[in-house]
Amino acid sequence: MLAQIVIVTVAALIAPTLVRFLGRRAFLLLAIVPLIPFIWALSLSDEILEGEILQQNIPWIESLDFSIAFELDGLAWIMVLIVSGIGALVVFYCNYYFTDASRGLRSFAAYLLAFVASMLGLVLANDLLLLFLFWELTTVFSYLLIGHNAESKSSRRAAMKALMVTTAGGLAMFVGFLILGVQVGSMEISVILDAEPRGSLITVAIALVLIGALSKSALFPFHFWLPSAMAAPTPVSAYLHAAAMVKAGIYLIARFAPAFADVEIWRPTIIIAGCITTLIGGWQALKQTDLKLMLAYGTISQLGLMAIFFGVGTVEAAVAGLALLIAHAVFKSSLFMSVGVIDRATGTRDIRRLHGLWNAMPLLSIGMVLSALSMAAVIPTFGFVAKEAAFGSLAAEWGNSALWPILTFVAVFVSAVLTAAYALRFVYGALSGSDGAASPVRVRPRPLLSQAPTAFLGLFGVVLGFWSIKPFIFLDPYADEFLDQQGNAAAQFHNEVILWHGFNLIFTLSLVALVLGAVMFWQRKRFAKLQAMLHQPISADGIYHGIMRGIDRFAVEVTGATQRGSLPLYLSTILIVVIVIPGTLLILSPNWFGNFVWFESPLQPFVGVIMIIAAIAAARSRRRLRAVALLGVTGYGVAILFAFNGAPDLALTQVLVETVSLVFFVFAMRRLPTHFSNRPLRRSRFLRLLVGVVFGATMAGVTYVAISARTANPISDDFAKWAYEVGGGKNIVNVILVDIRAWDTMGEISFLVAAATGVASLVFIKRRNARIVRPTDLEGPKQVWGLDDTMTLSVRQSVVEGNEASDREGFTWLRGGATLAPERRSIIFEVVTRLIFHTMIIFSIYLLFAGHNRPGGGFAAGLVVGVALLVRYLAGGRYELAEALPIDAGRILGIGLMIAVGSGIAAMFYTGTMFQSEIIHFTWPVFGEVKLVTSLFFDIGVYLVVVGLMLDVLRSLGAELDIQMEDEGEDSGDSVPVGSGVSSES
Amino acid sequence: MSPNLTLIITMGVLFAAGVYLILERSLTRILVGILLMSNATAILFILISGPNRGVPIIGMSPEDQMSDPLPQAMFLTAIVIGLGLTGFVLALAHRTWQLNRNDEVQDDIEDRRIIRLAQRDKESSTYEPDEGPDDSHEASDEVSDTDSRQAAEAEEIYLQLHGRRINDPKDPDEEVDSE
């Protein structure tokens, strides 16, 4: 059974490609796909008719007891035949409905087939959660299909309305399913039905499930979404809104009826909703002049009818309901498809303008007439057979003095009259109507094959009718299960779905209904006047819009009240919550009075006081650079604390990061004003101070109490052992990073890649991977970082002479040096750079390889490379940076991430777990015995990502900003020249 | 464990200074504030690591005197993330400056617009009543009409927030506050 769904799903996936190459003709090919489950179901007909139930069960999420469970029984079998058979015809019909120029055909084909797959899943599912999954999938695809013409506002609204109503119902149903599942202790539908649970909770669950069913099948009070959904292309209406999706609710009622029909709310809810629905639908259908809308209201009416019979709770009524369902699927999809053909042939669906179709398209007309006869329940169509059985099953209830069977019968009878009337109106209006003479249309006949589905289904309705000369045995399996589930296995089901019962009361009533319908049609002008007089005071549609507007207004008010759009306000809210809730608990804590120490070494108060002063001064600073420099002081303070608290890796990294950050700040702030503007928040300063101080006190208190309260040992006690035995390294921190918690590090380097990309895209206005220009690529001299007038001529002259003197000696220390403005060059800096750069690179490689056993690792090593590049940039300008590493930063980031991920995946093949390390020993010439831990490759990835980040930021905030500033010709007084140092600002 | 008061007080002050700064509007100050809080958190991690001060490298210090390596590993990632964050926010500040000639975080225009809707008791644009033209061409006209109305409103709010029009390079924020 799963295979059938998978086949159709795969077809849905390749459908867009097919449509791309074949255009609309792809539908001819795709029409074969639904035939596969159809033939599959037919091939099983012997087993099903003998009462066999086929099951399939594939465990999925075992901890939740959630499995992919399917079941094919008599009911599901009929549904599969309808869904796949009519599905195939509709897909075939699409070829004629659409043109190659139709928009969005590729996605349409995919959605339509995906819908077929979901619908098959829905009717086959034997697990409540699985059923819900497919249920919602049909909702989603229905949304996409109704909204196919997304440019049209009415189409979008209709799609949204259908989605809202059915999803709301679906959610209610989901809750109901959960209650049922929990109460019974199983999510398997057949188990739940066999258990027949009862109780007030079950009643609530059934009510919720019924809400889902009513909303899906457009029953009162949810009926209003269906007419709007007619904005969909006609094949969608023919399939979703006649044969398939709207039947899902009815199917669910039919599925649950055997077990739950005697739950007290079952019968009143369904029968009342069904009666109202069928009468509203019939009444409204008579008002319509649009053929499609007429059918839509007719569908509502018929759905109401079906619901009634599944609501009654007797096996005869349920079987009659199933017969009605089959009859309706056949004739209604036939009629919808005919409307599509008419629409295409004439450009209108208005019965006041249509005429003369009979001559132009006889095949279509015959099909329409046959289907309409079935709709009106005229002998010998299957519609008639079903209606007879339905009348009969209700009449059987008359005996037991209750009033409801009679009232229900009256409603059903009136509905039959209305149906006959609108069936006549439909056929007459479409084929020959001359009522309104307003601008009749010209008919351009359509291909014969486009009329074929209508004719075929019309004829099929008659064939089924004659088939029922003998009892219609295909309903027997459902009837037997129904009796089984009701514990009535002994009772013999007597199949009343037969064409001819003889001249009895029921047949007479059927005739009367037809005659009355004809009379109503004959007196249609008077009837229209009557309808016009009785206008509705309130409509369900109006209520829906009222609710939607109310929700929207509520959302606007809530959003307006909470989303003030101010960052400080949001942050304050978060901070105040932290202060109030943990702060209150803090005061009540019993852990205030333990021992404490003032400090553990005399270094701590010394560093602490400096950090405190720096932090306060940074907060008070009005100058950007001063604030940043003071921030740096606290950062170096942290590094010292790390160094003296047994964290050499952290100290090393912190120092490197602090240094690099300072330079980043200086780069970025070259263009910003030297002072902070103070305009917007002067008044709230005290408040901010208060929040800050209280928050700081809260954090201090939380830390104090948490440390005092701590008694347990850290979970990392065993890390030392694991690190060496499993991770193969002596530096436990590094092993944690690349092995024990490698996923964290993976997330982190992904963040670094994202941040680097963000920096580049914010700074590079055009594109990031512009050609890397090295000094040797330059044509003509460059004057990078030129200062114009700030140097006296004589100084400049002497600098130029000095440079020329050194250049004359035939040795260039840095190639990029020549691209700088002469007054910016510093030979000493260039020489030092030249001397230390390679040493730093080698040092970084040492850190990378040694990091597993000694302080170091990929992060620190990458940062050292960053600093080396930074020195090259500062000494020789942007062309020197390009000279130092002439590779696109994005490429380094990408390769780094790839190596990191690759090492994790490789480990999975090796050891079965992502990022699991493997320790390999081997001997190499010169090196001797080598112990290689595979997590080294992960660390190399980390290293490259950090190098890429550094290079990207240097290229963006450094080099690119240089270029932008040169282009704008600005290097004015309030910007800070690179290389002038940080400490000079105060 | 006995808390270390010096470090706790240092941490508290750093948090306070950081919070004071992140409640600002200037992106540079916000960034400085975040980094101060990050440094405060570093002290927090030192505090919760416990009293042991041995280097957590096998062979360099006895195992029972090693400091807890897990907070260290966690904070090592935090340090490098801080660097990435610094670069990103600085680029953001630069971009804001390029567009607005200051680096301030302004109130969100969309949020302001919703506040206005709430004041006028109006629905948002996602509510589509059934009335109104159904024809797709008219509908698209209507959409563009709404678009221009919304653009005008956004312009007005922007003017309120910045004291100048969008794409107007005049810089009103040059005034400097003395300490």
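Residues numbered from 1 in each chain as written. Chains lettered and ligands numbered in written order. Predicted model: local features only at pLDDT ≥ 70, side-chain atom pairs only at ≥ 80, totals over all residues.

## With respect to the overall build of chain B
Helix and strand counts for chain B come out as five helices and zero strands. Mapped from its N terminus to its C terminus, chain B presents α and β elements in the order α-α-α-α-α. Going through the 179 residues of chain B one by one, you find that 45% of them count as buried. Across chain B, the fraction of contacts at a sequence separation of at least 24, relative to all contacts at a separation of at least 6, is 49%. (Helix = DSSP H or I, 4+ residues; strand = E, 2+ residues; numbered from the N terminus. Buried ≥ 20, exposed ≤ 12 C-beta atoms within 10 Å, placed from the backbone. Contact = placed C-beta atoms within 7 Å.)

## Topic: the overall build of chain A
Each helix and strand in chain A was counted, giving 38 helices and four strands. For chain A, whose C-alpha radius of gyration is 40 Å, the value lies well above the compact-globule estimate of 30 Å for 986 residues. Structurally, chain A occupies a C-alpha span of about 120 × 70 × 70 Å along its principal axes. A buried classification covers 51% of the 986 residues belonging to chain A. Restricting to contacts in chain A with at least 6 residues of sequence separation, those with at least 24 account for 79%. (Rg over C-alpha atoms; globule rule 2.2 N^0.38 Å.)

## Remarks on the pairing of strand β1 (residues 54–61) of chain A
Here β1 of chain A pairs with strand β2 (residues 66–72) of chain A via seven bridges, running antiparallel. Along β2 of chain A, the bridge assignment pairs Pro59 of chain A with Ser67 of chain A. (Pairing = 2+ DSSP bridges.)

## Observations regarding the interface of chain B and chain A
Taken together, the contact pairs 101 residues of chain B with 117 residues of chain A. Breaking the side of chain B that touches chain A down by element, the ones donating at least two residues are α1 (5–22), α2 (27–48), α3 (69–100), α4 (109–119) and α5 (136–162) of chain B. Among the elements that line the side of chain B that touches chain A, the one with the most residues is α3 of chain B, at 24 residues.

## Quick look at the nonpolar core
Residue and element names in this part refer to chain A. Core analysis: the biggest nonpolar cluster contains 208 residues, and Ala109, Leu113, Val319 and Ala323 have the highest contact counts within it. It is helix α16 (residues 315–346) that provides the largest number of residues to this core, a total of 21 residues. When residues of this core are assigned to domains, at least three fall in each of domain 1 (1–162 + 228–250) and domain 2 (278–522). Residues within four places of Ala323 in sequence aside, it is in contact with Val385, Ala386, Ala389, Phe472, Leu475 and Val497. (Core = buried A, V, L, I, M, F, W, Y, C linked by C-beta atoms within 7 Å. Domains from an automatic or database assignment.)

## A word on the domain arrangement of chain A
Taken domain by domain, chain A comprises domain 1 (1–162 + 228–250), domain 2 (278–522), domain 3 (581–708) and domain 4 (741–968). Computed from C-alpha coordinates alone, the two centres of domain 1 of chain A and domain 4 of chain A are separated by 56 Å.

## Some details on the packing of helix α29 (residues 648–669) of chain A against helix α36 (residues 858–884) of chain A
Residues and elements named next belong to chain A. Packing of α29 against α36 leaves a shortest axis separation of 10 Å and a crossing angle of 30 degrees. The angle between α29 and α36 falls in the class roughly parallel. For the pair α29 and α36, the sense of crossing is left-handed. Of the residues in α36, those touching α29 at Asp649, Leu652, Thr653, Leu656, Val657, Thr659, Val660 and Val663 are Phe859, Ala860, Leu863, Val864, Gly866, Val867 and Leu870. Tallied by class, residues from the contact of α29 with α36 come to eleven nonpolar, three polar and one charged. (Axes fitted to C-alpha atoms, helices over the stretch in contact; angles between N-to-C directions. Parallel < 35°, antiparallel > 145°, perpendicular 65-115°, else oblique. Left-handed = near helix turned anticlockwise from the far one by under 90°. Nonpolar A, V, L, I, M, F, W, Y, C, P; charged D, E, K, R; others polar.)

## A few points about helix α12 (residues 234–243) of chain A
Since one α-helical turn is 3.6 residues long, residues separated by three or four positions face the same way. Among the ten residues of α12 of chain A, ten are classified as buried, and the element is accordingly described as predominantly covered. Within the span of α12 of chain A, buried status applies to Thr234, Pro235, Val236, Ser237, Ala238, Tyr239, Leu240, His241, Ala242 and Ala243 of chain A.

## Things to note about α36 of chain A
Residue and element names in this part refer to chain A. Across its 27 residues, α36 extends only 20 Å between first and last C-alpha, which sits more than 12% below the 39 Å expected from 1.5 Å per residue. Along its length, α36 shows its largest kink, about 135 degrees, at Gly876. With 24 of its 27 residues buried, α36 lies for the most part within the structure. (Expected span 1.5 Å × (residues − 1). Bend = angle between axes of the 7 residues up to and from the residue.)

## A few points about the environment of Gly59 of chain B
Residue and element names in this part refer to chain B. With respect to the secondary-structure elements, Gly59 resides in the loop between α2 and α3. Overall, the presence of 12 C-beta atoms within 10 Å leaves Gly59 in the exposed class. Sequence separation between Gly59 and Leu36 is 23 residues, and the spatial gap between their C-alpha atoms is 35 Å.

## Some points on the confidence of the model for chain A
Residues and elements named next belong to chain A. Confidence in the prediction of chain A, expressed as mean pLDDT, is 86, and 93% of residues score 70 or more. Predicted confidence in chain A is weakest over helix α34 (residues 793–808), with a mean pLDDT of 63, and strongest over helix α28 (residues 624–643), with 94. Segment residues 971–986: pLDDT under 50, and 26 contacts once partners within four positions in sequence are set aside and those in other chains are kept. (pLDDT = per-residue confidence, 0-100.)

## Notes on the environment of Lys525 of chain A
Topologically, Lys525 of chain A is positioned in helix α24 (residues 524–533). A sequence separation of 243 residues divides Lys525 of chain A from Gly282 of chain A, and the C-alpha atoms of the two residues are 17 Å apart.

## Concerning the pairing of strand β4 (residues 928–933) of chain A
Looking along a regular strand, one sees the side chains alternate between the two faces of the sheet. Residues and elements named next belong to chain A. Pairing of strand β3 (residues 919–924) with β4 involves six bridges; the strand directions are antiparallel. Its bridge partner being in β4, Thr923 is matched across the sheet by Glu929. Between β3 and β4, which pair antiparallel in sequence order, lie three residues; one of them, Val926, sits at a positive phi of approximately 70 degrees.

## Quick look at the confidence of the model for chain B
All names here are of chain B. On average, residues of chain B score 79 in pLDDT, and 78% of them are at 70 or above. By mean pLDDT, the top-scoring element of chain B is α1 (94), and the lowest-scoring one is α5 (62). Within the model, pLDDT remains below 50 along residues 132–143, and this stretch shows eleven contacts once partners closer than five positions in the same chain are excluded. Every residue in residues 169–179 is under pLDDT 50, and counting partners more than four places away or in other chains gives 14 contacts. Per the prediction output, this complex has pTM 0.71; the corresponding ipTM is 0.83.

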